[in-house]
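# Overview (structure and organization)
So the chains spell out like this:
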Amino acid sequence: MHLAQLNIAHMRAPVDSPELAPFAAGLDPVNRLAEATPGFVWRLKGGDAPGDTVKHDYGDHLLINFSVWESREALWDYVYRSGHLEFLQRRREWFLRTAEPSSVMWWIPEGHEPPLAEGMERLERLRREGPTPEAFTFKDFYDSSEAVWRPAAAEARK
């Protein structure tokens, strides 16, 4: 099994605005870093250039990051132990705060490249139901054996 993750952010301004220029300048290096990180499998791309953002119909100022990883540890290392962390720490400069979850994870079979609609549905499920084996977070994490083979046991753990 591989770990799919989707996160969204509501930009304070268009991605090509002066306000988001430092963020936009970091897209290419941060995306290249992700792709070079051990355990990276796939990411949804917005075009051929590493800095292209994902095109979608979910709102003009919504930025989407959607990727697949071999494990929780691989994703954790990229998010919190690489150059990505600097951009994560500056997110309030570029993105609005939200009261509801903006990130979700779930397990998928190796080789599956989930469509964006699947990721958005998982995020909505997390928002409706809270963490479950089908939609969870780093804080409320389900390993692949719980999520896939023993969902009842995973629920009992909560």
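Please refer to the structure higher up on the page.
Scope of this entry: the structure provided in the associated data block. (Residues numbered from 1 in each chain as written. Predicted model: local features only at pLDDT ≥ 70, side-chain atom pairs only at ≥ 80, totals over all residues. Heavy atoms only, no water.)

Let us now look at the overall build of the protein. The helix and strand inventory of the protein stands at seven helices and four strands. Along its sequence from the N terminus, the protein presents helices and strands in the succession β-α-β-β-α-α-α-β-α-α-α. Put simply, the protein has 158 residues, and 42% of those count as buried. (Helix = DSSP H or I, 4+ residues; strand = E, 2+ residues; numbered from the N terminus. Buried < 20%, exposed > 50% of the residue type's maximum accessible area, 1.4 Å probe, protein only.)

The next subject is the pattern of salt bridges. Within this structure, the stated rule accounts for 10 salt bridges. The closest approach of N and O atoms between R128 and E121, which form a salt bridge, is 3.8 Å. Since its relative accessible area comes to 56%, R128 is described here as exposed. On the accessibility criterion, E121 (32% relative accessible area) is partly exposed. (Salt bridge = Lys/Arg side-chain N within 4 Å of Asp/Glu carboxyl O.)

The subject of this paragraph is the pairing of strand β4 (residues 103-108). Here β4 lies mainly inside the structure; five of its six residues are buried. Direction of pairing for strand β1 (residues 2-10) relative to β4: antiparallel, over a ladder of six bridges. Following the sheet pairing, H2 is matched in β4 by I108. (Pairing = 2+ DSSP bridges.)

Taken in spatial order, the four strands make up an open sheet running β2-β3-β1-β4, and their pairing is antiparallel. What marks the edges here is a single partner per strand, and that holds for β2 (40-43) and β4. Across the sheet, the mean angle separating the axes of adjacent strands is 20° when strand polarity is ignored. Pairing between β2 and strand β3 (residues 62-69): three bridges, direction antiparallel. For W42, the partnering residue across the bridge sits in β3 and is V68. The sheet contacts of helix α5 (residues 116-129) involve β1, β3 and β4, and relative to β4 the element is tilted by about 115°. (Axes fitted to C-alpha atoms, helices over the stretch in contact; angles between N-to-C directions. Contact = heavy atoms within 4.5 Å.)

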